[in-house]
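# Structural description and commentary
Read off the chains here:
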Amino acid sequence: MDFNVKKFASDAGLFFTRAVQFTEEKLGQAEKTELDAHFENLMSRADCTKHWTEKIYRQTEVLLQPNPSARIEEFLYEKLDRKAPCRITNGEMLGQYMQDAAKEFGPGTPYGSTLMEVGDCERRLGAAEREFFQTSAISFLTPLRNFLEGDWRTISKERRLLENLRLDLDACKTRVKKAKVAETKAACDGEMAPDFQETRPRNYVLSASASALWSEEVEKAEHELRVAQTEFDRQAEVTRLLLEGISSTHVNHLRCLHEFVEAQAAYYKQCHFHMQELQKELARLPNAFALNSTHSIATAGSASEGISSPVETDTLKIEEVQAPATGTRKAKVLYDYDAADSSELSLLADELITVYTVPGMDSDWLIGERGNQKGKVPVTYLELLS
């Protein structure tokens, strides 16, 4: 390895000098070149953008993947430039367990058939969730990460370079000021041996009078100042352009945010649709509670000869059902419902209907009335109002 001792010593000395100068500036003992207010605002805005982008990125990661171990695994696969294995979601796993249990219990039983339907719905919900995660990662997480790992690193690098050039510029200003003070003093005091410890190296060879040497020193210090000022101005312009690009970053992140909201809305819409379909399917499946209720009524009927219930569960005649004098309630319809037969009442979401129960009726159903229309309605589709 080619190790340059002189360069290492020079860089170390420069670092130490800048550290001392920076400390003196913080203590108010050294001159500091101030940036204009617009530039300061640009830097403040960039810092704020980085701070909140990082927070939003981290929390979105937690939202999409709550498992820390899984996030670490995905990070490692990404750094190794390898594709992470496909992982099923918790909803898909739950659905699989439910369907496996249904096969054990018997898909022909009320519990088994219900488990089969719910399991199928959970698997669809899990698939929708996985699709949402993938879409959000591409459209929202990736642009945020690209900014933090790309644009922001470039901005930080140029800002550090600008700060170093500012320290060099201030050092040159201090050197010029000290050289001019020494030149003035030499001109007043006459010939004297100048002390260049603070402005030039120790091995400087005295070849003229003190006044002439100080004049030469002032010229060299001013030349270095002009060079430092030029480099600082050039770097300030480069940094300014990068900082002004934060506005474009905001526009890009705004577009990505809209895409994230659209993906989230589509996901919840799918979930709502799947749950509505599940409720319709469950309403058509045989219910163990309904079977028990029917069995009790049949038993009671056989024990009491000549006494019949006004409402038969198996063959409910809606036209013969009368609303009770007390016990009716208002209910808000939560979802659309299509009547399966003439004994049921079709529903529209958000409408208000009157509901009540009758003796011997399944607890999962109520009698609903809307104007002159009347029929059975599932309780799960309603919100009972006080």
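The following paragraphs examine the structure supplied in this document. (Residues numbered from 1 in each chain as written. Predicted model: local features only at pLDDT ≥ 70, side-chain atom pairs only at ≥ 80, totals over all residues. Heavy atoms only, no water.)

### Observations concerning the overall build of the protein chain
Along its length, the protein chain carries eight helices and five strands. Reading the helices (α) and strands (β) of the protein chain from amino to carboxyl end gives α-α-α-α-α-α-α-α-β-β-β-β-β. Within the protein chain, the proportion of its 386 residues that are buried is 31%. Entry remark: accessible area of the protein chain is about 24,600 Å², with carbon and sulfur atoms responsible for 56%. (Helix = DSSP H or I, 4+ residues; strand = E, 2+ residues; numbered from the N terminus. Buried < 20%, exposed > 50% of the residue type's maximum accessible area, 1.4 Å probe, protein only. Areas by Shrake-Rupley, 256 points an atom, 1.4 Å probe, with all protein chains shown as cover.)

### Concerning the environment of Arg58
Following the sequence through the fold, Arg58 ends up in helix α2 (residues 37-64). By relative accessible area, Arg58 is classed as partly exposed at 45%. Here the alpha-carbon distance between Arg58 and Arg145, two residues 87 residues apart in the chain, equals 9.7 Å.

### Here we look at the sheet that holds strand β5 (residues 382-384)
The strand order across the open sheet formed by five strands is β4-β3-β2-β1-β5, and the pairing between neighbours is antiparallel. Strand pairing shows two members of the sheet lacking a second neighbour, β4 (373-378) and β5, which therefore form its edges. Between one strand axis and the next, the sheet turns by 40° as a mean value, whatever way the strands run. Inspection of the sheet shows strand β2 (residues 352-356) paired to strand β3 (residues 365-370) by three bridges, in the antiparallel sense. Each residue of the ladder has a partner; that of Thr354, found in β3, is Glu369. (Pairing = 2+ DSSP bridges. Axes fitted to C-alpha atoms, helices over the stretch in contact; angles between N-to-C directions.)

### Describing the packing of α2 against helix α7 (residues 246-284)
Between α2 and α7, whose axes approach to 12 Å, the crossing angle comes to 20°. On the basis of the axis angle, α2 is roughly parallel to α7. Helix-helix and strand crossings are classified by hand; for α2 and α7 the assignment is left-handed. Within the contact between the two elements, α2 uses Arg45, Ala46, Thr49, Thr53 and Leu63 and α7 uses Ile246, Ser247, His250, His253, Phe260 and Gln264. Among the residues forming the contact of α2 with α7, the class breakdown is four nonpolar, six polar and one charged. (Parallel < 35°, antiparallel > 145°, perpendicular 65-115°, else oblique. Left-handed = near helix turned anticlockwise from the far one by under 90°. Contact = heavy atoms within 4.5 Å. Nonpolar A, V, L, I, M, F, W, Y, C, P; charged D, E, K, R; others polar.)

### Some points on the pattern of salt bridges
This model, assessed by the stated rule, comprises 14 salt bridges. Between Arg370 and Glu351 there is a salt bridge, with the nearest N and O atoms lying 2.8 Å from each other. With Arg370 in strand β3 and Glu351 in the loop between β1 (329-333) and β2, the pair connects residues that are 19 residues apart, well separated along the chain. On the basis of relative accessibility, which here comes to 24%, the residue Arg370 falls in the partly exposed class. Assessed through its relative accessible area of 16%, Glu351 is described here as buried. What emerges from the salt-bridge pattern is a single network uniting Asp36, Glu237 and Arg240. (Salt bridge = Lys/Arg side-chain N within 4 Å of Asp/Glu carboxyl O.)

### Looking at the layout of surface pockets
One water molecule sets the probe size; rolling that probe over the atoms shows where empty space is left. Quantified by volume, the largest pocket comes out at close to 1,400 Å³. In terms of lining residues, the largest pocket is bounded by 40 residues, among which Gln65, Ala70, Glu74, Arg87 and Ala137 are the most central. When contributions to the lining of the largest pocket are tallied by element, the ones reaching two or more residues are α2, α3 (68-79) and α5 (110-189). Among the elements that line the lining of the largest pocket, the one with the most residues is α5, at 13 residues. In the lining of the largest pocket, the residues fall into 19 nonpolar, six polar and 15 charged. (1 Å grid on protein atoms, 1.4 Å probe; cavity = no way out; pocket = protein on both sides within 12 Å on 5 of 7 lines; lining within 4 Å. Points joined across faces, edges and corners; volume = space filled by probe spheres on them.)

### Section: the packing of aromatic side chains
The tally for this structure, following the rule as stated, stands at nine aromatic pairs. Ring geometry for Tyr337 and Tyr381: centres 5.1 Å apart, planes at 65°, overall edge-to-face. In this pair, Tyr337 sits in the loop between β1 and β2 while Tyr381 sits in the loop between β4 and β5, placing the two residues 44 residues apart along the sequence. An aromatic cluster of at least three residues, connected via ring pairs, comprises Phe132, Phe133, Phe140, Phe260, Tyr267 and Tyr268. A cation over an aromatic ring shows up here: Lys376 above the ring of Trp365, its NZ or CZ 5.1 Å from the ring centre. (Phe/Tyr/Trp six-rings, centres within 6.5 Å; stacked < 30°, edge-to-face > 60°. Lys NZ or Arg CZ within 6 Å of the ring centre and 35° of its normal.)

### Some thoughts on the pairing of β2
Counting buried positions over the five residues of β2 gives four, a clear majority of the element. Bridging between β1 and β2 involves four bridges; their strand directions are antiparallel. From the neighbouring strand, Ala331 faces β2, where its bridge partner is Ile353.

Read these as layout, nothing more, since geometry by itself doesn't imply function.
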